[in-house]
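# Observations on chain architecture
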Amino acid sequence: MPGLAECQSLLRLLIARGDPKAIPLAKGAIDQYLNTAPVSARGRGLRVLQRDALDQHDVAVGVQRSFAETVDAYIARKLAEE
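To keep things clear, this report deals only with the structure shown in the data block. None of these values were measured; they are calculated from a predicted model. (Residues numbered from 1 in each chain as written. Predicted model: local features only at pLDDT ≥ 70, side-chain atom pairs only at ≥ 80, totals over all residues. Heavy atoms only, no water.)

### Here's the deal with the packing of helix H1 (residues 4-17) against helix H3 (residues 39-59)
- As a packed pair, H1 and H3 sit with axes 10 Å apart at the nearest point and diverge in direction by 25°. With respect to H3, the axis of H1 lies roughly parallel. Remark: the crossing between H1 and H3 carries right-handed chirality. Contacts between H1 and H3 involve Leu4, Cys7, Gln8, Leu11, Arg12 and Ile15 from the first element and Gly45, Val48, Leu49, Asp52, Ala53 and Gln56 from the second.
- Counted by class, the contact of H1 with H3 contains seven nonpolar, three polar and two charged residues. (Axes fitted to C-alpha atoms, helices over the stretch in contact; angles between N-to-C directions. Helix = DSSP H or I, 4+ residues; strand = E, 2+ residues; numbered from the N terminus. Parallel < 35°, antiparallel > 145°, perpendicular 65-115°, else oblique. Left-handed = near helix turned anticlockwise from the far one by under 90°. Contact = heavy atoms within 4.5 Å. Nonpolar A, V, L, I, M, F, W, Y, C, P; charged D, E, K, R; others polar.)

### Quick word on the side chain of Gln50
- Within the secondary structure, Gln50 is located in helix H3.
- Overall, the relative accessible area of 17% leaves Gln50 in the buried class.
- Here Gln50 is in contact with Asp72, Ile75, Ala76 and Leu79, once residues within four sequence places are set aside. (Buried < 20%, exposed > 50% of the residue type's maximum accessible area, 1.4 Å probe, protein only.)

### A look at H1
- Relative to the 20 Å expected for 14 residues at 1.5 Å per residue, H1 spans 20 Å between its end C-alpha atoms, a close match to the ideal helical length.
- Those residues of H1 lying buried are Leu4, Cys7, Gln8, Leu11, Leu14 and Ile15. Along the long axis of H1, the arc covered by the buried residues comes to 130°, so they all point the same way. Facing away from the buried side of H1, by more than 90 degrees, are the exposed residues Glu6 and Arg17.
- Against helix H2 (23-36), H3 and helix H4 (62-81) lie the buried residues of H1.
- Trailing H1 by a residue or two, Gly18 shows a phi angle of about 70°, which is positive. (Expected span 1.5 Å × (residues − 1). Arc of directions from axis to C-beta.)

### So, the pattern of salt bridges
- In the structure shown here, the tally under the stated rule is four salt bridges.
- Ionic pairing is found between Asp55 and Arg51, a salt bridge with its closest N-O pair at 2.9 Å. Pair noted here: Asp55 and Arg51 are both in helix H3, with a separation of four residues, about one helical turn.
- On the basis of relative accessibility, which here comes to 34%, the residue Asp55 falls in the partly exposed class. (Salt bridge = Lys/Arg side-chain N within 4 Å of Asp/Glu carboxyl O.)

Remember that the coordinates give geometry; whether it matters functionally is a separate question.
Structure representation (structure tokens):
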């Protein structure tokens, strides 16, 4: 899936940092993935990203956990739109 690995890597990095100011960057990465991925792959790719964010959430604490929750919620909204 085009861009999925890059988006996933960036989201992992952003979650690890947990900087709330980077939330727009995370949303932008997800949106960019959606803009470049084939329509048939978008839902599957979003679910991969969501699972990864939830895995990060399970091992995170504090601001990292909150960031992962925000990413998960954004992906859930995007999945509902698909």
